[in-house]
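# Analysis of the macromolecular model
Next come the chains, spelled out residue by residue.
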Amino acid sequence: MNFSPNNVFIKVKDHSVTKESFDLLLDEELQLLKTHPQPSLEQLPSYYESEDYISHTDSKRTFFEKLYHIVKTNALKNKVALITKDNPLKGNLLDIGAGTGDFLYQVKNSGWNCIGIEPNEKAKNIAVSKGVNFINILEELDNNSFDVITMWHVLEHVPDLEYQIKTLKRLLKPNGTIFIAVPNYNSFDAKHYKSFWAAYDVPRHLWHFSKSSIQKLVANENLKLHKVKPMWFDSFYVCLLSEKHKTGKINFIKGFFYGFLSNCSGIVKKEFSSHIYIIKNV
């Protein structure tokens, strides 16, 4: 990877917790962005210490949180259907960054033998109460153990990106499949909201991906990008939150309008707010 401090793609702010500013550096060959400076491993947990970090809680205090969980419930069903369609015989599944365990709970009930990993203890404890199983570190898992590995909006949080992809390759069975969902900084909503785009979410998001960057990163580990699918609802959620970053309040009309425009643009340009990358072992 080649990130020069002089090659700044955009400057962005942590709108959620600290209000600190960060640069996003561009690796031109990979078309990958890196948050700079990146917090140390000791500092990083403090940036997640907010009641507004929804993926680490089941809270439904506000209309926005209730809306998030309605969308999340629908998305979970779609994810389970997607992986089962691709792998009708089911088998062993690993979910990395399992959060509060809702995906693991759903996929377990649909007949998969599944296990998760989640570094945030608060979220993990909620997941354990739902009856799902966890391991503490990926290194304790055997090579070629899993038919499917999933990372739903997690890869952007991983400090050592290259090591993470090597680990995915190690754990995957020869004919296995990886499902990775990440935001797309080439989307209409990213270009519209610029530094206010909520999916930059610095510094919790350490990396920011394009389709090209995913394809090249996995190819380096002899993995093949098989298919790219849009995440239709992400644009609405991201645009609503981006409006809040930009104006200080949620504007549902503008949020849904620009979310709709982003999906329309995605249909034409094949650049959606977030993508699911389906990756095969070769």
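Residues numbered from 1 in each chain as written. Predicted model: local features only at pLDDT ≥ 70, side-chain atom pairs only at ≥ 80, totals over all residues. Heavy atoms only, no water.

If you trace the 4 strands from one edge of the open sheet to the other, you get 1-2-3-8, paired in antiparallel fashion. What marks the edges here is a single partner per strand, and that holds for strand 1 (8-13) and strand 8 (207-208). (Pairing = 2+ DSSP bridges. Helix = DSSP H or I, 4+ residues; strand = E, 2+ residues; numbered from the N terminus.)

Buried together is how nonpolar side chains tend to be arranged in soluble globular proteins. In this structure, Leu94, Ile96, Ile149, Phe209 and Ile279 are the most contacted members of the largest nonpolar core, which totals 37 residues. If you list the elements that add at least two residues to this core, you get strand 4 (92-96), strand 5 (113-117), strand 6 (146-152), helix 4 (161-171), strand 7 (172-183), helix 6 (211-219), strand 9 (223-230) and strand 10 (274-281). Among the nonpolar cores identified, the runner-up in size contains 21 residues, and Trp112, Val132, Ala181 and Met231 belong to it. (Core = buried A, V, L, I, M, F, W, Y, C linked by side-chain atoms within 4.5 Å. Buried < 20%, exposed > 50% of the residue type's maximum accessible area, 1.4 Å probe, protein only.)

The next point concerns helix 4. By the burial criterion, the buried members of helix 4 are Leu161, Gln164, Ile165, Thr167, Leu168 and Leu171. Buried residues of helix 4, seen end-on, are gathered within an arc of 155° and therefore sit on one face of the element. (Arc of directions from axis to C-beta.)

A pair can form between side chains of opposite charge whenever their charged atoms are brought close. By the definition in use, this model includes 7 salt bridges. A salt bridge links Lys280 to Asp86, with the shortest nitrogen-to-oxygen separation between them at 2.8 Å. Of this pair, Lys280 sits in strand 10 while Asp86 sits in helix 1 (residues 63-86), placing them 194 residues apart in sequence. Given a relative accessible area of 19%, Lys280 falls into the buried group. Here Lys166 and Glu221 are joined by a salt bridge, their closest N and O atoms 3.0 Å apart. Separated by 55 residues along the polypeptide, Lys166 in helix 4 and Glu221 in the loop between helix 6 and strand 9 bring together distant segments of the chain. Residue class for Lys166 comes out partly exposed when judged on its relative accessible area of 44%. Given a relative accessible area of 18%, Glu221 falls into the buried group. In this structure, a network of salt bridges that share partners links the residues Asp14, Asp201 and Arg204. (Salt bridge = Lys/Arg side-chain N within 4 Å of Asp/Glu carboxyl O.)

As enumerated under the stated definition, the model contains 10 aromatic pairs in all. Between the aromatic rings of Trp152 and Phe179, the centroid separation amounts to 6.4 Å while the plane-to-plane angle is 35°, which identifies the pairing as tilted. Taken together, the residues span a long stretch of sequence, with Trp152 in strand 6 and Phe179 in strand 7 at a distance of 27 residues. Residues Trp152 and Phe179 agree in their burial class; the two are buried. Ring geometry for Phe236 and Phe256: centres 5.8 Å apart, planes at 40°, overall tilted. With Phe236 in helix 7 (residues 234-247) and Phe256 in helix 8 (residues 252-269), this pair connects stretches of sequence that are 20 residues apart. Members of the aromatic cluster, connected to one another through ring pairs, are Phe103, Trp152 and Phe179. (Phe/Tyr/Trp six-rings, centres within 6.5 Å; stacked < 30°, edge-to-face > 60°.)

Topologically, Leu138 is positioned in the loop between helix 3 (121-128) and strand 6. Classification of Leu138 as buried rests on a relative accessible area of 9%. Separated by 19 residues in the primary sequence, Leu138 and Pro119 place their C-alpha atoms 11 Å from one another. In contact with Leu138, other than residues within four places in its own chain, are Leu94, Ile96, Ile117, Gln164, Thr167, Arg170 and Leu171. (Contact = heavy atoms within 4.5 Å.)

This part covers the sheet that holds strand 4. Backbone hydrogen bonds hold the strands of a sheet together, and the pairing may be parallel or antiparallel. The strand order 5-4-6-7-10-9 describes an open sheet built from 6 strands, whose pairing is mixed. One side of each edge strand has no neighbouring strand; the edge strands of this open sheet are strand 5 and strand 9. Here the average twist between neighbouring strands, direction ignored, is 20°. Where strand 4 meets strand 6, 3 bridges bridge the pair, whose relative direction is parallel. Bridging across to strand 6, Asp95 finds its partner in Thr150. (Axes fitted to C-alpha atoms, helices over the stretch in contact; angles between N-to-C directions.)

Glancing now at unusual backbone geometry. The omega angle of the peptide bond from His36 to Pro37 is -5°, so this bond is cis rather than trans. Within the secondary structure layout, Pro37 lies in the loop between strand 3 (32-36) and helix 1. Val202 connects to Pro203 through a cis peptide bond whose omega is -5°. With respect to the helices and strands, the residue Pro203 is situated in the loop between helix 5 (188-193) and strand 8. Backbone geometry at Asn222 places phi at a positive 60°, although glycine is not the residue there. Following the sequence through the fold, Asn222 ends up in the loop between helix 6 and strand 9. On the basis of relative accessibility, which here comes to 46%, the residue Asn222 falls in the partly exposed class.

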